[in-house]
Amino acid sequence: MKKSRNRRRARIFWGGPLFVLFLLLLYIFYLDYQVIRKFEGQRWKLPSKIYSAPFTLFAGVDLDKTYLISRLKRLAYRPVKQPVQHPGEYYLTPDDLEIFLHEFSYPDRLQSAYPLSVSFSQGKIDRLVDLSLAEDLERAQIEPEVIGGFYDEIWEERSLIRLSEVSPALIDAILSVEDRRFYEHPGLDFRGIGRAAWMNLRAGGIVQGGSTLTQQLVKNFYLGNERTWSRKINEAIMAVLLERHYSKDEILEAYLNEIYLGQNGVMGIYGVGQGARFYFGKRPSELSLGEAALLAGLIRSPNTVSPQKNLKKAIHRRNLVLESLFAEGKITLQSYISARAEEVSGRKIKERMNAAPYFVDEIRQRLAALYPREVLNSGGLRIFTTLDVETQRIAEEKLREGLAALEGRNPRLKRPDPERRLQGALVAIDPRSGEIRALVGGRSYGTSQFNRVVQ
């Protein structure tokens, strides 16, 4: 009898912990499944973009030089003080404009990047020259602009890159400030956790984190930003599981495509591919040491130390990254001095999203009838249209002026209520092809979204 009671107690004593262990293992298997499923599936939701028509240049066309420069700025081209050498640059002289065109993939062809010289005379284009071949051109095309898109709650603008497309300087800079022991730890860096705990204890508050690059990827990729112990525990387990299944290079590549690097209007800038283009008009492989350090410095607080928001803070943060690289022996003293001397631009890109809201709405409605919502919002489709951005701008302006002139000549047509004001519509069609160049469905899209051209 006594032995039976002892056996029962032993079963209860050992059964409880074993059951808890079983549940824990079951939960780990669940997290393991989640890690593999997303990492090997569609990792990112890529918005579908709606493009305007490309802008064609040819000799003899009336064109204001300042308009062309404004268009280049919207397309993230940057001014330089010497003849162009890299894609995304433009150089202005009294008579000419040099442009190093971006590479762009059209539906039927790939336009390679090449340097172009545009000569002006009396408000017209006089000559086009391909500087790489020293040959005159009959015409040249500047890539189209994004005028709208399909996305969920936020627009995550991302240019996916391979690890091989990133400069060693940028990788060194990111690892230097985010995870120096990335290639040594198994997903958790206990030395780093201990160092951070000691620093926080001395400071009397949280001044340093101990998260590894792998943990940051897990948090952004799988979990979100909630500050709870359960999230931190899941993050730690999943970081170890991620490192168990995938190589360091695969994890680093995913991290470089995932990190948030700032905001451009409604667009969130994600990944170093898009970050390098947004801030510097370059590919990640083309960044200088100073530019790489600045981009790496943005990761902790992109909207605080962005050169577009606070140039002084951006330079200070860049210099701290350079100091870290020098202290680790990753760069020489001469490289450190040269990189600190690099000029940092606080230029803002002229973004003109919703350049043709009535037109974009019509495109959205037509495509929504043809494609599932999930495909449009996350499939990364590229939708090319015939709309000309400059013609659209003129059409909107002329419609407003025309309606105002009518109200001026006929005061009884003028109504104080914005929703009852005189309305009109305008559509510009190329008579040779039937292509729509501009479409204005009303006086103000903000006041009324009713499209008087098609509804």
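Being a predicted model, the structure only gives us computed values, none of them experimental.

A. Region of the structure containing the packing of helix α8 (residues 271–280) against helix α9 (residues 289–298). Contact geometry for α8 and α9: axes closest at 11 Å, N-to-C directions at 115°. Here α8 runs over α9; the crossing is right-handed. Contacts from Val272, Gly275, Ala276, Tyr279 and Phe280 in α8 reach Glu291, Leu294, Leu295 and Leu298 in α9. Partitioned by chemical class, the residues of the contact of α8 with α9 number seven nonpolar, one polar and one charged.

B. The pairing of strand β18 (residues 436–440), seen in detail. Pairing analysis gives four bridges linking strand β17 (residues 426–429) to β18, with the strands arranged antiparallel. Residue Leu426 lies in a different strand from β18, and its bridge partner there is Val440. In this antiparallel pair of consecutive strands, β17 and β18, the connection spans six residues, and Gly434 shows a positive phi of 80°.

C. Quick look at the side chain of Ser306. Relative to the assigned elements, Ser306 resides in the loop between α10 (302–305) and α11 (311–327). Not counting chain neighbours up to four residues away, the residues in contact with Ser306 comprise Tyr279, Leu298, Leu311 and Ala314.

D. Layout of α9. Among the 10 residues in α9, 10 count as buried, and that is most of the element. For α9, the full list of buried residues reads Leu289, Gly290, Glu291, Ala292, Ala293, Leu294, Leu295, Ala296, Gly297 and Leu298. In this structure, the buried residues of α9 make contact with α3 (168–178), β14 (260–264), α8, α10, α11 and α12 (333–340).

E. Region of the structure containing the packing of aromatic side chains. Enumeration over the complete set of coordinates arrives at 12 aromatic pairs. When the centroid spacing of 5.1 Å and the interplanar angle of 50° are considered together, the rings of Tyr151 and Trp155 count as tilted. Overall, the relative accessible area of 28% leaves Tyr151 in the partly exposed class. With a relative accessible area of 1%, Trp155 lands in the buried category. Ring centres 5.4 Å apart and planes at 20° place the aromatic pair Phe326 and Tyr336 in the stacked group. With Phe326 in helix α11 and Tyr336 in helix α12, the pair connects residues that are 10 residues apart, well separated along the chain. Overall, the relative accessible area of 14% leaves Tyr336 in the buried class. Counting every residue linked through ring pairs, the aromatic cluster contains Tyr51, Phe104, Tyr106 and Phe384.

F. Structural view of the environment of Tyr358. Among the structural elements, Tyr358 can be located in helix α13 (residues 357–368). Expressed as a C-alpha distance, the spacing of Tyr358 and Gly441, which sit 83 residues apart in the sequence, is 5.7 Å.

G. Molecular detail of the pattern of salt bridges. Under the criterion given, the structure shown has 28 salt bridges. With its nearest N and O atoms 3.1 Å apart, the salt bridge here joins Arg300 to Glu178. Of the two residues, Arg300 is situated in the loop between α9 and α10 and Glu178 in helix α3; the sequence distance between them amounts to 122 residues. Under the relative-accessibility criterion, Arg300 is labelled exposed at 55%. Residue class for Glu178 comes out buried when judged on its relative accessible area of 9%. The partner of Arg443 in a salt bridge is Glu407, and the shortest N-O contact between them spans 2.8 Å. With Arg443 in the segment after β18 and Glu407 in helix α15 (residues 389–409), this residue pair connects regions lying 36 residues apart in the sequence. Considered together, Arg443 and Glu407 belong to a single accessibility category, that of buried residues. Put simply, Asp430, Arg432, Glu435 and Arg437 are held in one network by salt bridges that share partners.

H. Molecular detail of a nonpolar patch on the surface. A cluster of nonpolar side chains, Leu21, Leu24, Leu25 and Phe29, forms an exposed patch at the surface whose accessible area comes to about 400 Å². Along the polypeptide, Leu24 turns up in helix α1 (residues 2–39).

I. Structural context of the packing of α11 against α12. At their nearest, the axes of α11 and α12 sit 10 Å apart, and the two run at 175° to each other. Considered as vectors, α11 and α12 are oriented roughly antiparallel to each other. Every residue of α12 that contacts α11 at Arg318, Asn319, Leu322, Glu323 and Phe326 is listed here: Leu333, Tyr336, Ala339 and Arg340.

J. Looking closely at the sheet that holds strand β1 (residues 48–51). Pairing in this open sheet of three strands is mixed, and the strands run β12-β1-β16 from one edge to the other. With one partner strand each, in any of the chains shown, β12 (146–150) and β16 (382–384) form the two edges of the open sheet. Averaged over all neighbouring strand pairs, the angle between strand axes comes to 25°, with direction disregarded. As paired elements, β1 and β12 share four bridges and run antiparallel to each other. If you follow Ile50 over to β12, its bridge partner there is Gly148. With respect to the sheet, α13 is in contact with β1, β12 and β16, its orientation differing from that of β12 by roughly 35°.

About the criteria used
- Residues numbered from 1 in each chain as written.
- Predicted model: local features only at pLDDT ≥ 70, side-chain atom pairs only at ≥ 80, totals over all residues.
- Heavy atoms only, no water.
- Axes fitted to C-alpha atoms, helices over the stretch in contact; angles between N-to-C directions.
- Helix = DSSP H or I, 4+ residues; strand = E, 2+ residues; numbered from the N terminus.
- Left-handed = near helix turned anticlockwise from the far one by under 90°.
- Contact = heavy atoms within 4.5 Å.
- Nonpolar A, V, L, I, M, F, W, Y, C, P; charged D, E, K, R; others polar.
- Pairing = 2+ DSSP bridges.
- Buried < 20%, exposed > 50% of the residue type's maximum accessible area, 1.4 Å probe, protein only.
- Phe/Tyr/Trp six-rings, centres within 6.5 Å; stacked < 30°, edge-to-face > 60°.
- Salt bridge = Lys/Arg side-chain N within 4 Å of Asp/Glu carboxyl O.
- Patch = residues over 30% accessible without salt bridge, like charges linked within 9 Å, V, L, I, M, F, W, Y side chains within 5 Å.
- Areas by Shrake-Rupley, 256 points an atom, 1.4 Å probe, with all protein chains shown as cover.
- Parallel < 35°, antiparallel > 145°, perpendicular 65-115°, else oblique.

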